[in-house]
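# Summary of the model geometry
In case you want the letters, here they are:
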Amino acid sequence: MQATSNDNHFVSRLAKFIITLAAACAAGFGGMLLWHHFVSRKAESVKVTGPGDDLYSPISKIFKRGRRDLPEVCLTFDDGPHPQSLPDILRILKENDVKASFFMVGRRIQEHPDLARLVLKEGHEVGNHTQNHLRLDELPADQIRMEVALCESAFEQATGGVKMHLFRPPGMRFTPDVLKIAREFDYTTVGWNYGGKDFQVVRDGPSLADHPKIAEYVLDNVTSGGIILLHDNPDTAKALPEILRGLKARGFAIKNVTEMMAGLPEPIYLQSNAGKTGRVAAVAH
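Along each chain, the written sequence defines residue order, and numbers are assigned to residues from 1. This being a predicted model, a pLDDT of at least 70 is required before a residue's local features are given, and a value of 80 or more before pairs of side-chain atoms are given or counted; all residues contribute to the totals for chains, interfaces and linings. Heavy atoms from the whole structure form the basis of all side-chain values; hydrogens and water molecules are not counted.

It is worth spelling out the side chain of serine 85 at this point. Looking at the secondary structure, you find serine 85 in the loop between β3 (72–78) and α2 (86–95). Exposed residues in this analysis have more than 50% of their type's maximum accessible area, buried residues have under 20%, and partly exposed residues fall in between, with area computed by a 1.4 Å probe over protein chains only. Its relative accessible area of 1% is what places serine 85 among the buried residues. Within the structure, serine 85 has its side chain in polar contact with the side chain of aspartate 232 (distance 2.5 Å). Any two residues whose heavy atoms approach within 4.5 Å are treated as being in contact. If near-sequence neighbours (up to four positions away) are discounted, serine 85 is found in contact with Asp232, Asn233, Pro234 and Ala237. Only DSSP runs of H or I covering at least 4 residues are called helices, and only runs of E covering at least 2 are called strands; the numbering of each starts at the N terminus. Under this definition, polar contacts are N or O atom pairs within 3.5 Å; protein pairs additionally need one hydrogen-donor-capable and one acceptor-capable atom, and for neighbouring residues in sequence, both atoms have to be side-chain atoms.

With that settled, consider the confidence of the model for the protein chain. Here the protein chain averages 83 in pLDDT, while 75% of its residues score no lower than 70. Counting contacts from residues 1–11, a segment whose pLDDT is below 50, to residues more than four positions away or on other chains yields zero contacts. For every residue, the predictor assigns a confidence score, pLDDT, that lies between 0 and 100. The low-confidence segment residues 18–52 (pLDDT under 50) makes 18 contacts with residues lying over four places distant or belonging to another chain.

Moving on: the nonpolar core. Of all hydrophobic cores here, the largest spans 53 residues; its most connected members are Leu75, Phe77, Leu93, Phe102, Leu230 and Leu247. In this structure phenylalanine 102 touches Phe77, Leu86, Ile89, Leu90, Leu93, Val119, His124, Glu125, Val126 and Gly127, once residues within four positions along its chain are discounted. Here, the term nonpolar core denotes a set of buried Ala, Val, Leu, Ile, Met, Phe, Trp, Tyr and Cys residues that are joined through side-chain atoms within 4.5 Å.

Once that is clear, we can look at unusual backbone geometry. Both trends apply: most residues other than glycine have a negative phi, and most peptide bonds are in trans. Here the bond from glycine 80 into proline 81 is cis, since omega is 5°, no more than 30 degrees from zero. In this fold, proline 81 is placed in the loop between β3 and α2. Positive phi, normally seen in glycine, also occurs at methionine 172, with a value near 50°. Checked against the element boundaries, methionine 172 lands in the loop between β6 (166–167) and α6 (176–184).

So this is what it looks like as structure tokens:
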């Protein structure tokens, strides 16, 4: 009887141990599932899918658009500086008391350093648009870093050490490596929401006099908080007065990137290089 009682006691303790172990395993497995779900949701919540999904991603440092409840737009120009168009663009902006953000290509800054300085002097800000305007999502990390660094260097040399704080990858094509490298340079990546399709006009060849589609496309599509993409080229310069008149007639305030970011519901204050000048070495003639 004693042996049977001991056996029963042992079986009872073994059963309790198995039940406890099973519960612990279940809890651990459940915890793993919960953790996996949390991590997946967290990763999903910071995933960047392009301009316009929200306003600003603090983790990726991407400015996607301004507030939808304020009648304001952000004006940006890519791909310069070009002597055939930039002086006209700057003159028109000055006549209309408008400040913009220019995303410049490094090799063009090297060709026309005086124009890069002029943009700053006129009170506009300049961001990095890479050295050679290559599609960064097709490049290895080392080459991406070189494209960004060379453009930064070209701008600093042209302006006597003035820094850039904004970045726009050509075609807004980016990968996690591109965003990581932009953050290494302490850049904020700037997207866009509406464009004038002015790059298509240049590529396809029609003159603006016969095909005034640039201003029409901007004004037909723009909404509050939008970041407008234009390009530094002669057709855009011709369309710019109509664009500015149309925006003002619709009641839009026109801002540059840092101004619009400072007005977000959770303001982001960035240093602007607008108006800054450095010590530029004299060039012998």
